[in-house]
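What the coordinates show
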Amino acid sequence: MFDRSNIKIGKHEYEVLHSESQLKVNGKDVPEKDFVLIKRMARINLGDRYKSFVVNRNGDDLWLLMNGREYPLVIETDRDRLLKVASQNTEGGSSGATIRAAMPGLVVRIAVKVGQTVKRSDPVLILEAMKMENEVRSPADGVVKEIKVNERDSVDKGSVMVVLE
Amino acid sequence: MKSVLIANRGEIAVRVARTCREMGIRTVAVYSDVDKNSLHVLEADQTVALGGSTPAESYLDQAKIIDAAKRTGADAIHPGYGFLSENAGFAERVEKSGLIWIGPPASAITKMGSKTEARALMIDAKVPVVPGTRGAVSNAQEAIEFAKKAGFPVLLKAAAGGGGKGMRVVRNEADLEAALGAAQREAKSAFGDDAVYVEKYLEEPKHIEVQIFADKHGNAIYLGERECSMQRRHQKIIEEAPSAAVSPELRKSMGETAVMAAKACGYANAGTCEFLLDKTGAYYFLEMNTRLQVEHPVTELVTGLDLVRLQIEVARGNKLPIKQEDVKLRGHAVEVRVYAEDVLGGFLPSTGKLSLWRPPSGPGLREDTGMYEGSEISRFYDPMISKLIAFGENREAAIDRMLRALSEYFIAGVMTNIGFCKFVLERDEFRSGNFDTGTIERILLPAYREYVENCEVQPDWLAAAIALANRQYYTDVTFFKRSMADVQSGWKTAGRAAALNNHG
């Protein structure tokens, strides 16, 4: 019985199948290596050198850290696929774009009103983080359906601020 | 001086406390609710809660801080950098309360604190300055008039500013009014003062600053320069001492100019004159920072001096223990500011818990931090995790050492700029020394995006190891070793296998 993980490092995809006794990547057997995971540090001995890496998670973002370098990482396991199907079933079918806070911050000004038509890249609001004002622009053409924040509100990363339709 | 209240937080509070401890001085830490478990609190001899979470309710509340000093019997206040460090009113209030202010006289902070007043003073002292309006502009029309005369682009700057806040580059007339409004709002919110003035924007300059030190007896010296041109969003991320672009003659000239500037405002204690250096070797006074700088460690490493100790000695009324001819620069130091930020998402702060933090160590490294594993990067403060500083006998050695250090560095839980800084340090733009304040945004950031998005194909064993590591993440097993059956030899030696077996 194999566990399946689909891994994407940058633009490159790898399908990993692993069981107690075997590891296959993209259908090929991978020679055994010494592999140790202590806390979240992974260390692999390649014989002539060793490599350490960490998988870093921040919200939904995943990064591979190795040799002081970061690689964009996507991991999808059987378990992730099950969870995704479960959550899609509960979310409902809203089709409009949402504008989420890309960072935690303070809403300084709201430049739109409910019902207003906006074009892609129109300024929607100003979000202040670390005392810098950052203009948040519309990701798409649409009509402002709902504004979920007020000026002077403080928002968390990822929270929905404006809904378009 | 037997007891110092440190009116700050994070790495600088920890750093100041360390020197105090070496000098046998008791330390008092103050903290906001958010910071109650911070390193600067845990390591202080005595602590006072200021309450609140925003800076205004805590580290900027002058009355609370002076009251804390009184109640704990502190006889001096060290302001660190940021917060109240360049607030002349506070410096004056501290001294009126009978406490020693570890910083320059309030009068010098006032003169240098207003960028417009400082410019006027420097013009009178024959220090070269960038062309600009003599004072703050009261409306967009005034700014437009200057810009038309001097030519676009122009730079809007908060008179009370620093750290890139309240600053905007404007390239054409149409954008000026909106940019002025934004700069004024930012300035008001960051400094409580919306005065903004206009300068000619110099294209592709270097940002070079000179560390000066003056005592209360009229002695002033310079401690060489720092190269601070590697900036993003007008904030420094990599600093060096000395600068590859500064010859001994230029160093002397800039140093003497900086000392002149200090004397012109009746300066005492640590200060920094910031200059823009253009491609012809001409330099212009930008501003004077009347406090200890974030990047002071690179100067400490190449001069062998402890700047906080000097600050305390000068505040005690002692003469500077060294003269200009005693200042000898040795070797090279590079500092990387490790930030919790999303580099490719526009260098935006990344908040969260440092779930894993394995900093580098070893020969020639110093790291100043206010964090530990498990610390929280909150939205309330600057997201700097630490300052990592590498020292070497020359520039090449210092950079190689920093690259080694960054390759050992592992942080998880927040996104960091470690990968980006390592990329910058490896590039010819940096290694050649031939870069300016715009190099990151013009060249290195787009190149980094390309580098990250188009990384090469990785070996199969790495994908396999990631899958295994990820499985452990879910099942929360902290140790896993695969069977030792050697399918294809040449990958490991018997000795290494045996050593790893012992772990099992």
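Residues numbered from 1 in each chain as written. Chains lettered and ligands numbered in written order. Predicted model: local features only at pLDDT ≥ 70, side-chain atom pairs only at ≥ 80, totals over all residues. Heavy atoms only, no water.

Attention now goes to the overall build of chain A. A tally of helices and strands in chain A yields one helix and 17 strands. In terms of overall size, chain A is more extended than a compact globule, its C-alpha atoms giving a radius of gyration of 22 Å where 165 residues would be expected to give roughly 15 Å. If you line up chain A on its principal axes, its C-alpha atoms span 60 × 35 × 25 Å. Burial status across chain A gives 45% buried among its 165 residues. Between the centroid of the 27 positive side chains of chain A and the centroid of its 25 negative side chains there is a distance of 3 Å. (Helix = DSSP H or I, 4+ residues; strand = E, 2+ residues; numbered from the N terminus. Rg over C-alpha atoms; globule rule 2.2 N^0.38 Å. Buried < 20%, exposed > 50% of the residue type's maximum accessible area, 1.4 Å probe, protein only. Lys, Arg positive; Asp, Glu negative; His and termini not counted. Charge placed at Lys NZ, Arg CZ, Asp CG, Glu CD.)

Okay, the nonpolar core next. By size, the foremost hydrophobic cluster in this structure holds 78 residues, and its most contacted members are Phe 213, Ile 238, Ile 385, Ile 411, Phe 420 and Leu 425 of chain B. Apart from the residues lying within four places of it in its own chain, the contact partners of Ile 385 of chain B are Val 338, Tyr 339, Ala 340, Leu 354, Trp 357, Thr 369, Gly 370, Met 371, Ile 377, Ile 411, Val 414 and Thr 416 of chain B. Tyr 14, Val 25, Leu 64 and Leu 73 of chain A belong to the second largest nonpolar core, which has 30 residues in total. (Core = buried A, V, L, I, M, F, W, Y, C linked by side-chain atoms within 4.5 Å. Contact = heavy atoms within 4.5 Å.)

Time to look at the sheet that holds strand β13 (residues 283-289) of chain B. Residues and elements named next belong to chain B. Reading across from one edge, β13-β12-β9-β10-β11-β14-β21-β19 is the order of the eight strands in this open sheet, with antiparallel pairing throughout. The open sheet has two edge strands with one neighbour each: β13 and β19 (365-369). Within this sheet the neighbouring strands show an average axis-to-axis angle of 25 degrees, counted without direction. Two strands pair when backbone bridges link them, and strand β9 (residues 206-214) and strand β12 (residues 269-277) are joined in this way by nine bridges, in the antiparallel orientation. (Pairing = 2+ DSSP bridges. Axes fitted to C-alpha atoms, helices over the stretch in contact; angles between N-to-C directions.)

Turning next to the environment of Ser 243 of chain B. Residue and element names in this part refer to chain B. For Ser 243, the position within the fold is in the loop between β11 (235-241) and α9 (248-264). Owing to a relative accessible area of 4%, Ser 243 belongs among the buried residues under this scheme. For the pair formed by Ser 243 and Lys 206, sequence separation is 37 residues and the distance between their alpha carbons is 9.9 Å. Each residue touching Ser 243, except ones within four places of it in the same chain, is listed here: Ile 208, Glu 225, Glu 227 and Arg 251.

By a frequent convention, interface size equals the accessible area lost on bringing the separate parts together. Partitioning chain A into structural domains gives domain 1 (3-91) and domain 2 (98-164). Using C-alpha coordinates to define each centre, domain 1 of chain A is positioned 35 Å away from domain 2 of chain A. (Domains from an automatic or database assignment.)

Time to look at unusual backbone geometry. All names here are of chain B. For the peptide bond that leads from Phe 152 to Pro 153, omega is -5 degrees, which places it in the cis range. Tracing the chain through its elements places Pro 153 in the loop between α7 (140-150) and β6 (154-158). A cis amide bond, omega -10 degrees, links Ala 241 with the succeeding residue Pro 242. Along the polypeptide, Pro 242 turns up in the loop between β11 and α9. At Asn 269, a residue that is not glycine, the phi angle is positive and equals roughly 85 degrees. Structurally, Asn 269 is set in strand β12.

Residue and element names in this part refer to chain B. Counting buried residues along strand β10 (residues 220-232), 13 of its 13 residues qualify, which places the element largely inside the surrounding structure. The antiparallel pairing of β9 with β10 creates a hairpin that spans five residues between the two strands, and Gly 218 there sits at a positive phi of about 90 degrees. Joining the antiparallel neighbours β10 and β11 is a turn of two residues, in which Arg 233 adopts a positive phi near 50 degrees.

On to the pattern of salt bridges, then. If you walk through the whole model with that rule in mind, you get 43 salt bridges over all chains. The partner of Arg 379 of chain B in a salt bridge is Asp 156 of chain A, with the nearest N and O atoms 2.3 Å apart. You can see Arg 379 of chain B sitting in the loop between β20 (376-377) and β21 (384-392) and its partner Asp 156 of chain A sitting in the loop between β16 (154-155) and β17 (160-164), one on each of two chains. Exposure remark for Arg 379 of chain B: the relative accessible area of 26% places this residue in the partly exposed category. Lys 206 of chain B serves as the salt-bridge partner of Glu 227 of chain B, at 2.8 Å between the closest nitrogen and oxygen. On the criterion of sequence distance, the pair formed by Glu 227 of chain B in strand β10 and Lys 206 of chain B in strand β9 is long-range, its members being 21 residues apart. Classification of Glu 227 of chain B as buried rests on a relative accessible area of 2%. (Salt bridge = Lys/Arg side-chain N within 4 Å of Asp/Glu carboxyl O.)

A few words now on the confidence of the model for chain A. When pLDDT is averaged across chain A, the result is 84; 90% of the residues are at 70 or more. In this model, residues 90-94 of chain A is a region of pLDDT below 50 whose contacts with residues beyond four sequence positions or in other chains number zero contacts. (pLDDT = per-residue confidence, 0-100.)

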